[in-house]
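Chain and residue survey
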Amino acid sequence: MKLQLRDYQTECLTAISEASNADISRPLVSLPTGTGKTIIFAYIIRKIAERGGRSLVLVHRDELLNQAEDKLRMIWPEAEVGVVKAARNELDAAVIIASVQTLSRESRLTQLGHIRFDFLVTDEAHHSVASSYQRIYDAVLEDGSGQLHLGVTATPNRADRLGLQEVYEKVVYYRSLLEMIRAGWLCDLRCIEITTDISLDSVKALQGEFAQAELAGGRNPGYRTELSVQAYQ
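Residues numbered from 1 in each chain as written. Predicted model: local features only at pLDDT ≥ 70, side-chain atom pairs only at ≥ 80, totals over all residues. Heavy atoms only, no water.

Relative to the assigned elements, Thr102 resides in helix H4 (residues 100-103). Apart from residues lying up to four places away in sequence, Thr102 is in contact with Val84, Lys85, Ala86 and Arg108. (Helix = DSSP H or I, 4+ residues; strand = E, 2+ residues; numbered from the N terminus. Contact = heavy atoms within 4.5 Å.)

This is how it looks when you write it as structure tokens:
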């Protein structure tokens, strides 16, 4: 059964198409988590493949890699998908889904020299300004080549204030969390505050997130986790 797009997903696809027709080749889409951003770019991937084009999807976590492949196969079961991650290096497929950590290595990037991608997707696009992403862009994107580079993210504003305008030309479609809740596409929020006597003031932040090594080094003892579980239960 064909997957029925939601109204805002159709609107988003139209916005991307109109932006492309207006020579915006690096559009950014911002939609909250849980609203089907992967479905949106999967539809574009399928259309490009039907015209003989190739696509590259960049993800920064394994679960996003698996999600991208699963959603693509939902709308296109016969999709030819290759994965670049760790020991896997499947570069001959029409659609390649790649881990940024793996693909950004020089040894992997040199293997992309003979491949032209018509469509590049950066999932979690707020990471795009990182040097690992920039190395990939330098290797696969060419000015004036007609390639489309789509960024999708739920959080277009970075905590470190580095601007995504260095990578993307325009936010072509945006819906806030509150808008999607009011429209009935997401559940309403219920917040619970759990009070502890632990201070995180001395924990350093890296790219807007706490340094995991410092949190694991004694500043997040087990009882804090137990309190969280108890509150959730």
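Moving on: the pairing of strand S5 (residues 95-99). Of all five residues that make up S5, five are buried, and the element is covered over most of its length. Side chains of S5 alternate between two faces, with Val95, Ile97 and Ser99 and Ile96 and Ala98 buried alike. Relative to S5, strand S2 (residues 55-59) runs parallel, the two sharing five bridges. Paired with Val57 across the two strands is Ile97, which belongs to S5. Pairing analysis gives four bridges linking strand S3 (residues 81-85) to S5, with the strands arranged parallel. Following the sheet pairing, Val84 is matched in S5 by Ala98. (Buried < 20%, exposed > 50% of the residue type's maximum accessible area, 1.4 Å probe, protein only. Pairing = 2+ DSSP bridges.)

Counting 43 residues, the largest nonpolar core has Ile16, Val29 and Phe119 as the members making the most contacts within it. For this core, the element with the most residues is helix H2 (residues 37-50), which contributes nine residues. With near-sequence residues (within four places) excluded, Phe119 lies in contact with Phe41, Ile44, Ile45, Ile48, Arg54, Ser55, Leu56, Leu148 and Leu150. (Core = buried A, V, L, I, M, F, W, Y, C linked by side-chain atoms within 4.5 Å.)

Once that is clear, we can look at the sheet that holds strand S8 (residues 170-174). An order of S4-S3-S5-S2-S6-S7-S1-S8 is seen for the eight strands of this open sheet, with the pairing classed as mixed. Both edges of this open sheet fall to strand S4 (88-89) and S8, since each of them pairs with a single strand only. Pairing geometry for S3 and S4, over two bridges, is antiparallel. Bridged to Val84 within S4 is Asn89. Lying over the sheet, H2 contacts S2, S5, strand S6 (119-123) and strand S7 (148-153), oriented at roughly 170° with respect to S6. Contacting S2, S6 and S7, helix H6 (residues 131-140) runs over the sheet at an angle of about 175° to S6. (Axes fitted to C-alpha atoms, helices over the stretch in contact; angles between N-to-C directions.)

The next point concerns the environment of Leu215. Positionally, Leu215 belongs in helix H8 (residues 212-219). Here the alpha-carbon distance between Leu215 and Glu106, two residues 109 residues apart in the chain, equals 31 Å.

Attention now moves to the packing of aromatic side chains. Counting across every chain of the model gives two aromatic pairs. Pairing Tyr8 with Trp185 gives two aromatic rings, centres 5.4 Å apart and planes at 70°, and the pair type is edge-to-face. One end of the pair, Tyr8, is in helix H1 (residues 7-21); the other, Trp185, is in the loop between helix H7 (177-182) and strand S9 (205-206), with 177 residues separating them in the sequence. Aromatic pair Tyr133 and Tyr137: ring centres 6.4 Å apart, planes at 55°, arrangement tilted. (Phe/Tyr/Trp six-rings, centres within 6.5 Å; stacked < 30°, edge-to-face > 60°.)

Another aspect to go through is unusual backbone geometry. In this structure, Asp23 takes a positive phi of about 65° despite not being glycine. For Asp23, the position within the fold is in the loop between H1 and strand S1 (27-30). In the Ramachandran plot, Ala86 falls in the positive-phi region, its phi being about 55° despite a non-glycine side chain. One can find Ala86 in the loop between S3 and S4.

A word on the side chain of Ser55. For Ser55, the position within the fold is in strand S2. Here Ser55 falls in the buried class, since its relative accessible area comes to 1%. Ignoring anything within four residues of it in the chain, the contact list for Ser55 reads Ile45, Ile48, Ala94, Val95, Ile96, Phe117 and Phe119.

A few words now on H1. For H1, built from 15 residues, the straight-helix expectation of 21 Å at 1.5 Å per residue is met to within 8% by its first-to-last C-alpha distance of 21 Å. The set of residues buried in H1 consists of Tyr8, Gln9, Cys12, Leu13, Ala15, Ile16 and Ala19. Down the axis of H1, the buried side of the element spans an arc of 155°, and every buried residue falls inside it. Of the residues in H1, the exposed ones pointing more than 90 degrees away from the buried face are Glu18 and Asn21. Contacts made by the buried residues of H1 are with S1, H2, S7, S8 and H7. Positive backbone phi, at 65°, marks Asp23, one or two positions downstream of H1. (Expected span 1.5 Å × (residues − 1). Arc of directions from axis to C-beta.)

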